[in-house]
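Here's the letter readout for the chains.
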Amino acid sequence: MSEHWEIMTFDAESRRRVEHKTEEGKKEKYFLFYDGETVSGRVILTLKHPNKRLEHQGIKVEFIGQIELYYDRGNHHEFVSLVKDLARPGEFTQSQTFDFEFTHVEKPYESYTGQNVKLRYFLRATVSRRLNDVVKEMDIVVHTLSTYPELNSSIKMEVGIEDCLHIEFEYNKSKYHLKDVIVGKIYFLLVRIKIKHMEIDIIKRETTGTGPNVYHENDTIAKYEIMDGAPVRGESIPIRLFLAGYELTPTMRDINKKFSVRYYLNLVLIDEEERRYFKQQEVVLWRKGDIVRKSMSHQAAIASQRFEGTSSHTEAKTPSQTAENNSRQ
Amino acid sequence: MSEAAVADTRRLNAKPQDLTDAYGPPSNFLEIDIFNPQTVGMGRARYTSYELRMRTNLPIFKLKESCVRRRYSDFEWLKNELERDSKIVVPPLPGKALKRQLPFRGDEGIFEESFIEERRQGLEQFINKIAGHPLAQNERCLHMFLQEETIDRNYVPGKLFLS
């Protein structure tokens, strides 16, 4: 082609990039955006042979958020669709750039690439031509953030098989963020089978489709052994499972009425004859925003000042506090 | 709930274990040995039977110790009963060895010592696997097989529920 089209976003230097798995399973980096952020940039045309005329029927750029079900590729479900016209029909004789800005764009869902469904956000520049249009796409990744839930009760339950096996399991929370730790315990009330070991699995269930065409895809993300050997009555087995080491996404419930991604903890006991006894329990996963961390040296400086009590560092005090301190002296 | 910079990973509080529970005999004791094969009978009526000794402290078994004599076809009967009445996947029995029952063999056929030992091992594995299955333990046929002197093939099949 005699010309080259490219999309780029402003603030590419400062904006964070995150890894996201492609449909083929490859890990690639994309620019990270949050809900409400403005998406601005430019479309760049580079002509390889200057002074050669390039006719076109108009140029536009779109910001699109869409859900794609793999078994129904023809139908893309767009839940965000914004368009900006960049140029009316005409012709080019030199390289040019076209700036655009999508202000405070709503990005209600997190980007997700799964086994049967994909949710993606992207910019698409279209140069209309008589024969074939030139289309350029640039994917971005969106993360949805939450804060610590107000209500986060522990999960505690007694389960078992009558007269055979009774256990009480407890997990310290029902909602965990993606870098959280699952702290729990298994208490054995009755053990009449010969247990060989016990593990806890994290299962991801991706649900696509509605009504009679619902399809669940289960994937075991993690298997973590918590006990090796035969327990007896009264034994308490601790659980400490760090989530940061696993590939997890936030829980996504009924996204645009098209799909869900839910997570379950599966407690599995295996006896000496390889028989499996299990109890599945849903947990809600959420994404915590990163705390902006000051540099280590800056933190160390503050710590040393507080310890030595240098007068140069004064903490802001309210008038009543200062009066109180003065009266104590 | 206040925000924590580092998650609290301390263990949850647990009830201390009773020492008699910790060091006492486990509640899952179940051992079945198959030994002492004996070949009895003449000609066509010749067969091998095995002694089956069971020791257990599981309350679902009426006798804590029992000893019975069983032959291969008794094991086949048990397997059929369980496959028909229970939902469990019954493990395989050691082979029927039909070839060994053909005439004009150079050896003792199914009464060959090494074959009997092989079969004994297979039967022992089979019965231990079955007897420890919580669903099989509900079947009357299993209890009759393990703890009654003779198997009544006209019995009424069914589940066993402790009152």
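The shown structure was predicted, so the numbers you read here are calculated from the model rather than taken from an experiment.

(A) Quick look at the pairing of strand S2 (residues 17-21) of chain A. Residues and elements named next belong to chain A. With burial as the criterion, only one face of S2 is covered, namely that bearing Val18 and His20; the residues Arg17, Glu19 and Lys21 on the opposite face remain uncovered. Here five bridges tie S2 to strand S3 (residues 27-33), and the two strands are oriented antiparallel to one another. In the sheet register, histidine 20 faces S3, and the bridge partner there is glutamate 28. Connecting S2 to the antiparallel partner S3 that follows it, the hairpin turn spans five residues, and glycine 25 within it adopts a positive phi of roughly 100 degrees.

(B) Looking closely at the UniProt feature "domain: PX" (unreviewed entry) in chain B. Per the UniProt annotation, the sites labelled "domain: PX" (unreviewed entry) are residues 28-152 of chain B. Secondary structure content for residues 28-152 of chain B is 33% helix and 22% strand, while the C-alpha to C-alpha distance between its ends is 28 Å.

(C) Up close: the interface of chain B and chain A. The interface is formed by 27 residues belonging to chain B together with 26 residues belonging to chain A. Summed over both sides, the interface of chain B with chain A buries roughly 2,600 Å², with 57% coming from carbon and sulfur. Of the charged contacts, one joins A:Arg233 and B:Asp21 as a salt bridge, the two residues approaching to 3.1 Å between their closest N and O atoms. On the surface where chain B and chain A come into contact, there are eight residue pairs in polar contact (both at pLDDT 80 or more). Contributing elements (two or more residues each) for the side of chain B that touches chain A: helix H1 (19-23) and helix H3 (113-131) of chain B. Considering only residue class, the side of chain B that touches chain A consists of 11 nonpolar, nine polar and seven charged.

About the criteria used
Residues numbered from 1 in each chain as written. Chains lettered and ligands numbered in written order. Predicted model: local features only at pLDDT ≥ 70, side-chain atom pairs only at ≥ 80, totals over all residues. Heavy atoms only, no water. Buried < 20%, exposed > 50% of the residue type's maximum accessible area, 1.4 Å probe, protein only. Helix = DSSP H or I, 4+ residues; strand = E, 2+ residues; numbered from the N terminus. Pairing = 2+ DSSP bridges. UniProt positions renumbered as here; feature names shortened; annotations may be inferred. Contact = heavy atoms within 4.5 Å. Buried area = accessible area lost by both parts, 1.4 Å probe. Salt bridge = Lys/Arg side-chain N within 4 Å of Asp/Glu carboxyl O. Polar contact = N/O pair within 3.5 Å; in protein donor to acceptor, adjacent residues only side chain to side chain. Nonpolar A, V, L, I, M, F, W, Y, C, P; charged D, E, K, R; others polar.

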